[in-house]
Every structure is written in C-alpha cells, then in structure tokens.
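So you can see what is in the structure, the chains are spelled out below.
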Amino acid sequence: MKLGVVGLPNVGKSTLFNAITHAGAEAANYPFCTIEPNVGVVAVPDERLEKLAALYNSKKITPAVVEFVDIAGLVKGASKGEGLGNKFLSHIRETDAIVHVVRCFEDENVTHVESSVDPVRDITTINLELILADIETVQKRLDRAKNSAKGGDKKFLAEAEFLQRVSDHLSKEQCARTMPLGEEERELLDGLFLLTAKPVIYAANISEKDMGKADAELPLVKQVEEFAQKEGSEVLVICAKTEEELSQLPPDEAQMFLEELGLAESGLDRLIKKCYSLLGLISYLTAGEKETRAWTIVKGTKAPQAAGKIHSDFEKGFIRAEVVDWRTLLECGSYTAAKERGKVRSEGKEYVIKDGDVVLFRFNV
C-alpha cells in the first residue's frame, strides 16, 4: 500500500512525514525505513504477529507494511508550473490513496502561506490543483475518443459521452471521487487514473495544547469534518508535533508517553489502520518456526489468489488451504491441538480469505 502525503507549506506535513520515517526505523525491526529521501516505510500495527510468533517460537516477524510518499511542490498554481510544478503529478499517480495534512491550529510563530488559518480554503486550494491536472488528462482522452468516434463507432461514442460527463463534473471544481457512478462506470473512471478519484484521509493537524479535547471543542477540525462528510472522505485528528516526538523515543518510553496523554495508540498507528480500512485491505497470516508474517490482500480475495501473494507457484498449483482463525489457534495452544479438535478447516478454490485467518497452503507444481 502506497500513500501520498500532501499539504500546503507550514501545515505540518514535513513534521508528520519526519514522524513516519523515524517510526519506520523502529517498526518491528523492519530492515529499512527510507527507500528514497521522500519515501518512508512503516509496519502495519498488528498485535496478532507477536502472539503467534511466541506460540511458534518464530525466529523472524515480518509485518505488512505501508509506504508513505512525501509529495512536494503542491502550492497554488502547481498545475501551471508554480513550486515544483508538475513533478508532483507522477508521484501522486503511483499512490493508492492520499493523506492530506490540513492545519487546524493557530500559532503566530508559524506563518501561513495565505497569512491566515482556514482549513477548508487550504483543502480547496490543493484540490483545485489536482482537478486542473485531471481536466488536462480527461481532455486529451476526450479529443482522442471524439476523433475515433467520427466513423460512428458506438464504443468510442460511449467513451466520449462518459469522458464529457467527467470533464463537466471536474469543471465545476468537484473532485472525480464525488461523481455518482454505477459499478461499470466506476471501473471506467478507475482506468483514467485521475488524481481526484483517489480516496482521501484528511489529517487534521492540531496543536499539543488541543490534544485530548473533543472534536466539538475544535472549530477548525469541525470545518474539516463537515467538508469531508460532503465528499465521503475520512478525517483523522492528529498532532504531528507529538507524533514526531513519539517516533524518536524507544518503544517502552513511547508507550509510557502515550499513557500519560491518555491515548491507547499513536496517531500514526491510527492513520495506518484507517488507510488500510479505507482501501478495503485485510491481512491473513502465516506462522512457523522460521517466520510469522502478515500478507496484505484486498477484502474478498479467494484462496488461490491469496496464495499467489506468497509465490506464483502457490496459485498455479493450488490444491487447498488449511485455515484456522488466529484467536482459535492461540486458545488451542498449538496447530496440532487445533487440528485434533477439528478447528482447522480444509478450504478449496472458492474460499474467501478472512482477516486474521492463519493459513497453510497445499500446492503441487
């Protein structure tokens, strides 16, 4: 899963991204945290892995991971070459979803590019740049479809009609993700790879003094929530400064710090889980003496395709999947005990893998 982090200057985007890259260095001993200067990789928080690893005495734990990409250059006029201009486009296109950091705090020591704090205005500024880039993309496709439809080809006429609708929607300064579409049309839209079609989580960045307050007590956060609700997007209230401080502490101290703040988990952990849920992703697990590991799949994936995540041979030669729920496995105390008690199921090609399934694939190549 790859997430693009966007935001205007001085909204806390860099602070949050620093927290992400620092956290990655400590995340379950994952062997790398920074692939490039603007990419950070962190583990998906998963309590099940430690428990299963203890049961199997696993030598290694490998969590599912999320890749965060710091999208630089997004300022007013970016689609026309301001800031870093169109360099940001290719980076966003490669992401599965967007984390849009929005400033929801007043601080006279931190200047704002627009000289005042207005989260909805900031969201609209960035959305407009992405919309303008999308209009350009759609227009090129529309011109091609119209040329191909000159001979009366129904396929291209239908394509041109759909693209015109998308163009009209974008021209009203509305993101593509807010278009009311049927299932087939949704697939057509996905095929355009539009920036504003990507799901979004608005990270409402609050100050340290506002932590612990209810959203109703934070008018700027409330504005973001109301905006997000209209377009069906998610909101996560987070303090980037606190997240950066947490990411630099050893795990034990970080946990104590969280408890002092009255929080069950860090904002970064909540962000990762929310993104996972937003994209309809789940994890199934494999466990053994060598390794306990989480594998990311899309909800609804059948057993052979899930097996293919481990190795293509597993999918080609799939025979069956031996499946047990992770909680049941822990309760039984061992895989052998779970099998003896009839808790391990033998599932075929049509079985849909569930979140938390511990799976042993049988295959023959």
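Report follows, based on the coordinates. (Residues numbered from 1 in each chain as written. Predicted model: local features only at pLDDT ≥ 70, side-chain atom pairs only at ≥ 80, totals over all residues. Heavy atoms only, no water.)

1. Let's talk about the packing of aromatic side chains
What counts, and what does not: Centre distance within 6.5 Å is the pairing criterion for rings of Phe, Tyr and Trp, where only the six-membered ring of Trp is used; planes under 30 degrees apart are then read as stacked, over 60 as edge-to-face, and the remainder as tilted. Segments assigned H or I by DSSP are reported as helices when at least four residues long, segments assigned E as strands when at least two residues long, and all are numbered from the N terminus. Each residue is placed in one exposure class: buried if its accessible area under a 1.4 Å probe, protein chains only, is under 20% of its type's maximum, exposed if it is over 50%, and partly exposed if it falls in between. Cation placement over rings: the criterion is NZ of Lys or CZ of Arg within 6 Å of the ring centroid and within 35° of the ring normal.
Throughout the structure, instances matching the rule amount to 5 aromatic pairs. Relative to phenylalanine 227, the ring of tyrosine 202 has its centre 6.0 Å away and its plane inclined at 85°; by these criteria the two rings are edge-to-face. Here tyrosine 202, found in strand S6 (residues 200-205), pairs with phenylalanine 227, found in helix H7 (residues 219-231); they are 25 residues apart in sequence, far enough to count as distant. Among the residues examined, tyrosine 202 registers a relative accessible area of 0% and is labelled buried. Counting every residue linked through ring pairs, the aromatic cluster contains Tyr284, Trp295, Phe318 and Phe361. Against the face of tryptophan 295 rests arginine 293, its NZ or CZ located 4.1 Å from the ring centre.

2. Things to note about the pattern of salt bridges
This is how the line gets drawn: The salt bridge criterion pairs a side-chain nitrogen of Lys or Arg with a carboxyl oxygen of Asp or Glu, the two atoms within 4 Å.
Taken as a whole, this structure holds 24 salt bridges when the rule is applied. For arginine 345, the salt bridge goes to glutamate 347, with nearest N and O atoms at 2.9 Å. What emerges from the salt-bridge pattern is a single network uniting Arg320, Glu322, Lys339 and Arg362.

3. Some details on the environment of cysteine 104
Cut-off, in case you're wondering: Residue contacts are counted whenever heavy atoms from the two residues lie within 4.5 Å of one another.
Among the structural elements, cysteine 104 can be located in the loop between strand S5 (97-103) and helix H4 (119-148). What makes cysteine 104 buried here is its relative accessible area of 5%. A sequence separation of 15 residues divides cysteine 104 from proline 119, and the C-alpha atoms of the two residues are 6.4 Å apart. Setting aside its immediate chain neighbours within four residues, cysteine 104 contacts Pro119, Ala204, Asn205, Ile206, Leu220, Val221 and Val224.

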